[in-house]
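Remarks on the overall topology
Now for the letters of each chain:
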Amino acid sequence: MSHPRKLDLESKLSTQLSGIPRSGIRDFFELVIGRSDVISLGVGEPDKPTPWPIREAAIRSLEKGQTSYTSNLGLESLRIGISKYVEEHFRVSYDPKTEILVTVGVSEALDLAFRAVLNPGDEVIYHQPCYVSYGPSITMAYGVPVPVNTRLEDNFALKASDVEKAITPRTKVIALNFPTNPTGAVEPPEELEKIAALCVKHDLLCFTDEIYSELLYDGAKHKSIVEYPGMRERTVLLHGFSKAFAMTGWRLGYACAPAPLREAMMKIHQYCMLCAPIMSQMAGVEALRLGAEAYEGMRQSYEERRNFVVKRLNEMGLHCFNPGGAFYVFPDVSSTGLTGREFALKLLEEKSVAVVPGDAFGPSGESCVRCCYATAPELLEKAMDGMAAFVAKYRKAGA
Ligand code: PMP
């Protein structure tokens with residue numbers, strides 16, 4: 001009997017995947033796994049568990065034996081809660097029956113939104129440095145990612161003039177995320193207004209990822225692009241429970257969009273996901289019932305930690321603007337003579353402090369690192385002490 005040819009599984013994989021790198025965050029954190037000595041300012045998630053009443057709502061639902069599928073759209077009570085919450089926070093109303101879809105996190109909602117509208121070759125403009133999934137999600141939906149750089153000297157705000165330069169006849173969507181992961185940037189309203197006007201002028205769709213919209217500091221009030229004239233009809237608002245409500249593990253999010261867009265997203269969701277887990281949805285109902293009561297204490301404590309970290313970084317001589325939201329700082333480390341990646345690797349090696357190399361969020365973040373300050377204050381202090389000694393050493397070596 002002849003030997004069968006060796007199976008070459010690589011050659012069987014979709015070519016669409018071949019240009020997509022693995023997440024730079026994940027790659028870096030494989031180095032940290034199993035090391036209990038490391039202080040991690042790495043993964044972007046709250047240090048506290050989900051507030052107790054929200055956990056209790058899920059426990060109660062399990063006790064009642066609520067373990068079934070829900071409507072593909074999500075529980076009606078949750079969609080009603082989302083509609084009320086969104087109206088209160090974004091001053092835009094959505095019909096729970098026709099314009100809201102409950103998803104498995106904002107991650108799924110983003111994927112559905114891109115897949116629902118992109119034809120091969122359609123371009124999506126988004127700002128960079130940005131959350132790691134934007135470029136790959138666009139590529140996997142056969143679209144073309146068109147990143148527009150933001151800069152430290154502009155506090156990583158997105159300039160409407162840069163957006164305008166990137167628009168071509170193939171542009172279909174502008175994707176925004178303010179406050180931004182990884183920079184903590186908040187978009188100035190005058191730029192947001194100009195970007196809204198560009199969407200209307202060029203007849204573009206807008207996907208706005210509002211996952212950090214509750215985590216704003218210095219008394220600022222959130223303003224979303226969906227609130228500007230002509231935007232509601234062309235916007236998909238993506239939001240979820242992971243950050244403000246400290247619910248990353250529940251995998252719960254939602255999309256609000258005009259009915260034809262919601263319907264297209266629903267088509268994909270019903271076949272690939274069916275529905276979000278019922279116990280997470282029950283927890284979500286309670287989270288929205290509590291609203292700010294559930295997250296205001298955490299928001300305040302992030303603000304204190306932001307103030308502490310920014311002060312310490314600037315004292316070390318690492319250039320860092322004061323980010324207006326989310327729970328990240330994105331200092332430029334080039335004064336140490338190291339790139340962001342070298343800085344992160346050596347800091348982990350020498351001081352057992354983990355931060356994420358800025359290039360994980362796009363090439364424009366190369367000279368920076370991302371530090372998530374949703375970490376216990378005493379650990380944050382230790383991490384800053386380690387980082388200060390590290391920076392002093394490399395400054396001296398380069399002097
Ligand atoms: N968008 C941004 C900007 C994020 O930072 C994250 C999570 N880090 C997500 C979406 C995904 O969130 P979820 O847990 O809701 O899938």
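Residues numbered from 1 in each chain as written. Predicted model: local features only at pLDDT ≥ 70, side-chain atom pairs only at ≥ 80, totals over all residues. Heavy atoms only, no water.

**Side note on the sheet that holds strand β11 (residues 356-357)**
What the three strands build is an open sheet, ordered β9-β12-β11; its pairing is antiparallel. Whereas interior strands pair on both sides, the edge strands pair on one side only; in this sheet they are β9 (328-329) and β11. As paired strands, β11 and strand β12 (residues 369-372) are joined by two bridges and run antiparallel to one another. Paired with Val-356 across the bridge in β12 is Arg-370. (Pairing = 2+ DSSP bridges. Helix = DSSP H or I, 4+ residues; strand = E, 2+ residues; numbered from the N terminus.)

**Observations regarding helix α10 (residues 278-290)**
For α10, which comprises 13 residues, the first-to-last C-alpha distance of 19 Å matches the rise-based estimate of 18 Å (1.5 Å per residue) to within 8%. For α10, a buried count of ten out of 13 residues is recorded, marking the element as mostly surrounded by other parts of the structure. Turning to α10, its buried residues are Ile-278, Ser-280, Gln-281, Met-282, Ala-283, Gly-284, Glu-286, Ala-287, Leu-288 and Leu-290. Packed against the buried residues of α10 are α3 (52-63), α4 (76-90), β2 (100-103) and α11 (292-316). (Expected span 1.5 Å × (residues − 1). Buried < 20%, exposed > 50% of the residue type's maximum accessible area, 1.4 Å probe, protein only. Contact = heavy atoms within 4.5 Å.)

**Let's talk about the packing of aromatic side chains**
For the structure shown, the criterion picks out 16 aromatic pairs. Between Phe-156 and Phe-321 the ring centres are 5.9 Å apart and the planes differ by 55°, which places this aromatic pair in the tilted class. Of this pair, Phe-156 sits in the loop between β4 (144-149) and α7 (160-166) while Phe-321 sits in the loop between α11 and β9, placing them 165 residues apart in sequence. Assessed through its relative accessible area of 3%, Phe-156 is described here as buried. (Phe/Tyr/Trp six-rings, centres within 6.5 Å; stacked < 30°, edge-to-face > 60°.)

**Some thoughts on the domain arrangement of the protein**
Partitioning the protein into structural domains gives domain 1 (13-50 + 294-398) and domain 2 (52-292). Using C-alpha coordinates to define each centre, domain 1 is positioned 25 Å away from domain 2. Taken together, the 40 residues of domain 1 in the interface contact 42 residues of domain 2. Where domain 1 touches domain 2, the interface holds one salt bridge. (Domains from an automatic or database assignment. Salt bridge = Lys/Arg side-chain N within 4 Å of Asp/Glu carboxyl O.)

**Description of helix α9 (residues 259-272)**
With 14 residues, α9 should cover 20 Å at 1.5 Å per step; its first-to-last C-alpha distance of 20 Å lies within 8% of that length. The inward-facing, buried residues of α9 abut β2, α5 (105-117), β6 (205-209), β7 (235-240) and β8 (253-256). One or two steps after α9, the chain reaches Leu-274, where phi turns positive at roughly 70°.

**What to know about the site of the ligand**
Within the structure, the ligand sits among Gly-105, Val-106, Ser-107, Tyr-131, Asn-177, Asn-181, Asp-209, Ile-211, Tyr-212, Ser-242, Lys-243 and Arg-251. In the environment of the ligand, a nitrogen atom lies 2.6 Å from a nitrogen or oxygen atom belonging to the side chain of Asp-209. For the ligand, an oxygen atom lies 2.7 Å from a polar atom in the side chain of Ser-242. When the ligand is considered free in solution it has 400 Å² of accessible area, and contact with the protein chains removes 93% of it. By residue number, the principal contributor to the shell around the ligand is α5, which donates three residues. Within the shell around the ligand, the residues separate by chemical class into four nonpolar, five polar and three charged. (Near = heavy atom within 4 Å. Polar contact = N/O pair within 3.5 Å; in protein donor to acceptor, adjacent residues only side chain to side chain. Areas by Shrake-Rupley, 256 points an atom, 1.4 Å probe, with all protein chains shown as cover. Nonpolar A, V, L, I, M, F, W, Y, C, P; charged D, E, K, R; others polar.)

**Thoughts on the sheet that holds β4**
Ordered by their spatial adjacency, seven strands build an open sheet running β2-β8-β7-β6-β5-β3-β4, and the pairing between neighbours is mixed. What marks the edges here is a single partner per strand, and that holds for β2 and β4. Taken pair by pair, the neighbouring strands of this sheet meet at an average axis angle of 20°, ignoring direction. (Axes fitted to C-alpha atoms, helices over the stretch in contact; angles between N-to-C directions.)

**So, the side chain of Thr-336**
Position of Thr-336 relative to the elements: it lies in the loop between β9 and α12 (340-351). Note on Thr-336: relative accessible area 5%, which makes it buried. In terms of polar contacts, Thr-336 uses its side chain to reach the backbone carbonyl oxygen of Val-333, at 2.6 Å. Each residue touching Thr-336, except ones within four places of it in the same chain, is listed here: Leu-318, Phe-343, Val-391 and Tyr-394.

**Considerations on the nonpolar core**
In this structure, Phe-207, Phe-245, Phe-343 and Met-387 are the most contacted members of the largest nonpolar core, which totals 115 residues. Ranked by residue count, the leading element in this core is α11, at eight residues. In this structure, Phe-343 is in contact with Leu-318, Val-333, Thr-336, Leu-338, Val-369, Met-387, Phe-390 and Val-391, ignoring residues within four places of it in sequence. Counting 21 residues, the second-largest nonpolar core is a separate cluster that includes Ile-174, Ala-196, Leu-198 and Cys-199. (Core = buried A, V, L, I, M, F, W, Y, C linked by side-chain atoms within 4.5 Å.)

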